[in-house]
Amino acid sequence: GRRTFTNLLRTCLDFFELLPEVKRVFIESEIENTWQHALLLNAGFRFRYKVCHEYKTTYLFYYPLDKKGTTRFL
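Because the structure is a prediction, the values reported are computed rather than measured.

K.L.:
So what about the side chain of serine 29? Which residues, and what values?
P.N.:
The residue serine 29 is located in strand 1 (residues 24–30) in this model. Within the local environment of serine 29, its side chain forms a polar contact with the side chain of histidine 37, the two groups lying 3.3 Å apart. Every residue in contact with serine 29, bar those within four places of it in the chain, is listed here: Gln36, His37, Leu40, Thr58, Tyr59 and Phe61.

K.L.:
Give a detailed account of helix 2 (residues 34–43), specifying residues and quantitative values.
P.N.:
Within helix 2 the residues assigned to the buried category are Gln36, His37, Leu39, Leu40 and Ala43. Down the axis of helix 2, the buried side of the element spans an arc of 165°, and every buried residue falls inside it. Seen from the buried face of helix 2, the exposed residues on the opposite side, beyond 90 degrees, are Thr34 and Asn42. Buried residues along helix 2 sit against helix 1 (2–17), strand 1 and strand 3 (57–64). Positive phi shows up at glycine 44, right after helix 2, with a value of about 110°.

K.L.:
Mind laying out the sheet that holds strand 2 (residues 46–52), listing which residues take part and the relevant values?
P.N.:
Across the sheet, three strands lie side by side as 1-3-2; this open sheet has antiparallel pairing. Lying at the two open borders of the sheet, with one neighbouring strand each, are strand 1 and strand 2. If you compare each strand with its neighbour and ignore which way they point, the axes differ by 25° on average. Pairing of strand 2 with strand 3, which is carried by six bridges, proceeds in the antiparallel orientation. Residue pairing across strands places cysteine 52 opposite threonine 57, the latter belonging to strand 3.

K.L.:
Can you break down the pattern of salt bridges residue by residue, with the values?
P.N.:
Under the counting rule described, the total for this entry stands at one salt bridge. As a salt-bridge pair, lysine 56 and glutamate 30 come within 3.7 Å of each other at their nearest N and O atoms. With lysine 56 in the loop between strand 2 and strand 3 and glutamate 30 in strand 1, this residue pair connects regions lying 26 residues apart in the sequence. Looking at lysine 56, the relative accessible area reads 40%, which means it is partly exposed. Taking relative accessible area as the criterion, glutamate 30 reaches 40% and is therefore assigned partly exposed.

K.L.:
Outline the packing of aromatic side chains, supporting the account with residue identities and numerical values.
P.N.:
Geometrically, a pair of aromatic rings is defined through the distance of the ring centres and the angle of the planes. Applying the stated criterion across every chain, the model contains seven aromatic pairs. With a centroid separation of 5.1 Å and an interplanar angle of 50°, the aromatic rings of phenylalanine 45 and tyrosine 63 are classed as tilted. Of this pair, phenylalanine 45 sits in the loop between helix 2 and strand 2 while tyrosine 63 sits in strand 3, placing them 18 residues apart in sequence. Accessibility assignment for this pair places phenylalanine 45 and tyrosine 63 in one class, buried. Summarising the aromatic geometry, the rings of phenylalanine 47 and phenylalanine 61 are spaced 5.8 Å apart at their centres and angled 75° between planes, so their arrangement reads as edge-to-face. Of this pair, phenylalanine 47 sits in strand 2 while phenylalanine 61 is found in strand 3, placing the two residues 14 residues apart along the sequence. An aromatic cluster is present here, built from Phe47, Tyr59 and Phe61 joined pairwise through their rings. Residue placement shows arginine 48 over the ring face of tyrosine 62; its charged tip is 5.6 Å from the ring centre.

Basis of the calculations
- Residues numbered from 1 in each chain as written.
- Predicted model: local features only at pLDDT ≥ 70, side-chain atom pairs only at ≥ 80, totals over all residues.
- Heavy atoms only, no water.
- Helix = DSSP H or I, 4+ residues; strand = E, 2+ residues; numbered from the N terminus.
- Polar contact = N/O pair within 3.5 Å; in protein donor to acceptor, adjacent residues only side chain to side chain.
- Contact = heavy atoms within 4.5 Å.
- Buried < 20%, exposed > 50% of the residue type's maximum accessible area, 1.4 Å probe, protein only.
- Arc of directions from axis to C-beta.
- Pairing = 2+ DSSP bridges.
- Axes fitted to C-alpha atoms, helices over the stretch in contact; angles between N-to-C directions.
- Salt bridge = Lys/Arg side-chain N within 4 Å of Asp/Glu carboxyl O.
- Phe/Tyr/Trp six-rings, centres within 6.5 Å; stacked < 30°, edge-to-face > 60°.
- Lys NZ or Arg CZ within 6 Å of the ring centre and 35° of its normal.

Here it is as structure tokens:
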């Protein structure tokens, strides 16, 4: 559910923040998953573009990791 997704997202971003070579985190979300889109945008992810696969269409979001500040959210 949403709480699990939010906790997993927070854990992943906290981990990637520790790695200096990681500059951005990308996530692909199915186009119909509107609650996930809202959570990603609320968390600071930015919409990149729509991806048309053979069997489905998805949105690509990215999160720029600011190594000078913190990436705390939610």
